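Observations on the three-dimensional arrangement
Take a look at the letters that make up each chain.
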Amino acid sequence: MLQEVDIKKYKQQLLTDFNSRTHYDQGRFYTPIGDRLIEFAKLQSGQTILDIATGTGIVALNAAKIVGDAGKVIGVDISSGMLSYAKQKLATEGLKNVNFQEADAEKLTFTANSFDVILCSLAICYLTDIPTALRQWHRFLKASGILAFNAWAETAFPPSVLFREVAQRYGVKVSNPNEPLGTVERCHNVLQEAGFKNIEVTQEQFGWYFTPDAQTAEELWKMNSKNVFGYQVLQLSPNQLEQCKAEYISEIQALPMTKQGVWCDAPIFFVLAYK
């Protein structure tokens with residue numbers, strides 16, 4: 001768990017990152033993984049849903065169509081930028097059973113026993129205290145309520161693993177956001193400690209091949225150094241930062257290739273648990 005002063009800085013960087021994501025829905029993972037999470041949760045008509053870290057509302061809006069007019073979906077997110085897109089999409093869709101609220105996922109104040117299902121897609125890794133958040137979410141659920149979320153395996157995204165390794169050589173510690181829930185066993189343990197039962201963890205693969213040319217290496221550097229788990233390299237002096245970047249780009253371009261390219265391994269867990 002981060003210290004209080006570090007949490008403030010961390011969440012400001014988180015806002016800076018996500019408020020600037022103008023093409024979020026075009027990302028490789030967000031829509032297909034969000035759709036898969038909804039399938040995994042087996043939502044029913046009439047349910048009351050909380051979508052935590054709703055982003056642009058990918059999960060919330062699709063969930064609303066399933067629960068129907070008899071149901072309700074509340075989507076919360078810390079990023080006003082993300083929510084502005086969600087609200088634009090909501091206006092276009094014309095759905096009446098969705099409400100978007102700007103809120104920190106770790107400071108929610110909903111009444112206990114309020115929701116049939118809590119969803120969280122591609123966001124739990126950004127929490128500063130996952131066990132405490134899960135205990136809070138457990139309280140928000142009705143009896144026999146369901147929590148459904150996804151979490152990347154701790155080994156996911158070799159280019160990011162390499163980024164952290166290169167940064168470490170320059171004395172910069174970049175945490176692996178996928179470590180806390182990065183194995184099936186850890187998923188089970190943290191949920192059991194939070195009070196959940198009947199836990200199901202299913203692993204799926206969302207990896208892809210890429211060509212490690214100069215342009216791709218540059219894009220990977222930008223993606224990692226802008227991320228809240230990577231911007232720490234910006235503390236380096238200008239000369240060190242340039243050296244760190246050059247080293248990373250060189251090593252990306254030197255990755256062993258097959259005829260299909262370099263494999264970017266991206267295993268993810270879909271987790272279902274009951275109150």
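See the structure shown above.
The notes below deal with the structure included here.

Scoring rules and cut-offs
- Residues numbered from 1 in each chain as written.
- Predicted model: local features only at pLDDT ≥ 70, side-chain atom pairs only at ≥ 80, totals over all residues.
- Heavy atoms only, no water.
- Helix = DSSP H or I, 4+ residues; strand = E, 2+ residues; numbered from the N terminus.
- Rg over C-alpha atoms; globule rule 2.2 N^0.38 Å.
- Buried < 20%, exposed > 50% of the residue type's maximum accessible area, 1.4 Å probe, protein only.
- Areas by Shrake-Rupley, 256 points an atom, 1.4 Å probe, with all protein chains shown as cover.
- Right-handed = clockwise from strand over helix to strand, strands pointing away.
- Pairing = 2+ DSSP bridges.
- Axes fitted to C-alpha atoms, helices over the stretch in contact; angles between N-to-C directions.
- Left-handed = near helix turned anticlockwise from the far one by under 90°.
- Contact = heavy atoms within 4.5 Å.
- Nonpolar A, V, L, I, M, F, W, Y, C, P; charged D, E, K, R; others polar.
- Phe/Tyr/Trp six-rings, centres within 6.5 Å; stacked < 30°, edge-to-face > 60°.
- Lys NZ or Arg CZ within 6 Å of the ring centre and 35° of its normal.
- Expected span 1.5 Å × (residues − 1).
- Arc of directions from axis to C-beta.
- Parallel < 35°, antiparallel > 145°, perpendicular 65-115°, else oblique.
- 1 Å grid on protein atoms, 1.4 Å probe; cavity = no way out; pocket = protein on both sides within 12 Å on 5 of 7 lines; lining within 4 Å.
- Points joined across faces, edges and corners; volume = space filled by probe spheres on them.

Attention shifts here to the overall build of the protein. The number of helices and strands found in the protein is 9 helices and 9 strands. Here the C-alpha atoms of the protein give a radius of gyration of 19 Å, agreeing with the 19 Å that 2.2 N^0.38 yields for 275 residues. Its C-alpha atoms give the protein principal-axis dimensions of roughly 55 × 40 × 35 Å. In the protein, which comprises 275 residues, the share counted as buried stands at 53%. A total of about 13,200 Å² of accessible surface is found on the protein, and carbon and sulfur atoms cover 50% of it.

Another point: the pairing of strand S5 (residues 141-152). Most of S5 is tucked away: 9 of the 12 residues are buried. In this region the chain leaves strand S4 (residues 115-120), passes through helix H5 (residues 130-140) and returns to the parallel neighbour S5; the handedness of that crossover is right-handed. In this structure, S5 lies alongside strand S9 (residues 267-274), joined through 7 bridges in antiparallel fashion. The residue bridging leucine 147 from the neighbouring strand is alanine 273, located in S9.

Quick look at the packing of helix H2 (residues 30-41) against helix H3 (residues 58-67) now. One way to put it is that H2 packs onto H3 with a least axis distance of 9 Å and a crossing angle of 40°. H3 is crossed by H2, and the crossing has right-handed handedness. Two secondary-structure elements touch here, H2 through Tyr30, Thr31, Gly34, Asp35 and Ile38 and H3 through Ile58, Val59, Asn62, Ala63 and Ile66. Residue classes in the contact of H2 with H3 are distributed as 6 nonpolar, 3 polar and 1 charged.

Applying the stated criterion to the full structure yields 17 aromatic pairs. Within the aromatic cluster, the residues linked to one another by ring pairs are Tyr10, Phe18, Tyr126 and Phe229. Looking at arginine 21, its charged tip hangs above the ring of phenylalanine 18, at a distance of 4.0 Å from the centre.

Moving on, we come to helix H8 (residues 214-226). Its 13 residues give H8 an end-to-end C-alpha distance of 18 Å, which sits within 8% of 18 Å, the value for a rise of 1.5 Å per residue. Turning to H8, its buried residues number three or more, namely Ala217, Leu220, Trp221, Asn224 and Ser225. When H8 is viewed along its axis, its buried side chains cluster within an angular range of 120° and face the same direction. Each element contacted by the buried residues of H8 is listed here: helix H6 (158-169), strand S7 (208-210) and helix H9 (238-253).

Turning next to the sheet that holds strand S3 (residues 98-102). As summarised here, the arrangement of the 7 strands in space is S3-S2-S1-S4-S5-S9-S6, forming an open sheet in which the pairing is mixed. Strands with a single pairing partner mark the edges of an open sheet, and in this sheet they are S3 and strand S6 (197-205). Between one strand axis and the next, the sheet turns through 15° on average, direction left out of account. Pairing analysis gives 7 bridges linking S6 to S9, with the strands arranged antiparallel. Across the sheet, threonine 202 pairs through a bridge with phenylalanine 270, a residue of S9. Its contacts with the sheet put H3 on strand S1 (48-52), strand S2 (72-77), S3 and S4, and the angle it makes with S2 is roughly 170°.

In contact at an axis separation of 10 Å, H6 and H8 are set at 65° when each is read in the N-to-C sense. As the angle between them shows, H6 and H8 are arranged roughly perpendicular. In the packing of H6 onto H8, the handedness of the crossing is right-handed. Contacts from Pro159, Ser160 and Phe163 in H6 reach Leu220, Trp221, Met223, Asn224 and Ser225 in H8. Taken together, the residues that form the contact of H6 with H8 break down as 5 nonpolar, 3 polar and no charged.

Glancing now at the environment of alanine 70. Mapped onto the elements of the fold, alanine 70 is located in the loop between H3 and S2. Put simply, alanine 70 and glutamate 218 are 148 residues apart on the chain and 49 Å apart in space, counted from C-alpha to C-alpha.

Mapped onto the fold, alanine 153 is located in the loop between S5 and H6. Judged by relative accessible area, alanine 153 falls into the buried class, the value being 6%. C-alpha of alanine 153 to C-alpha of glutamine 205: the two residues are 52 residues apart in sequence and 9.9 Å apart in space.

The next thing to look at is empty space enclosed by the protein. Taken as a whole and assessed by the stated rule, the structure comprises 1 cavity of 30 Å³ or more. The space that makes up the largest cavity amounts to roughly 80 Å³. Forming the walls of the largest cavity are Tyr24, Tyr30, Asp51, Ala53, Thr54, Ile58, Val59, Ser121 and Leu122. Per-class residue counts for the lining of the largest cavity are 6 nonpolar, 2 polar and 1 charged.

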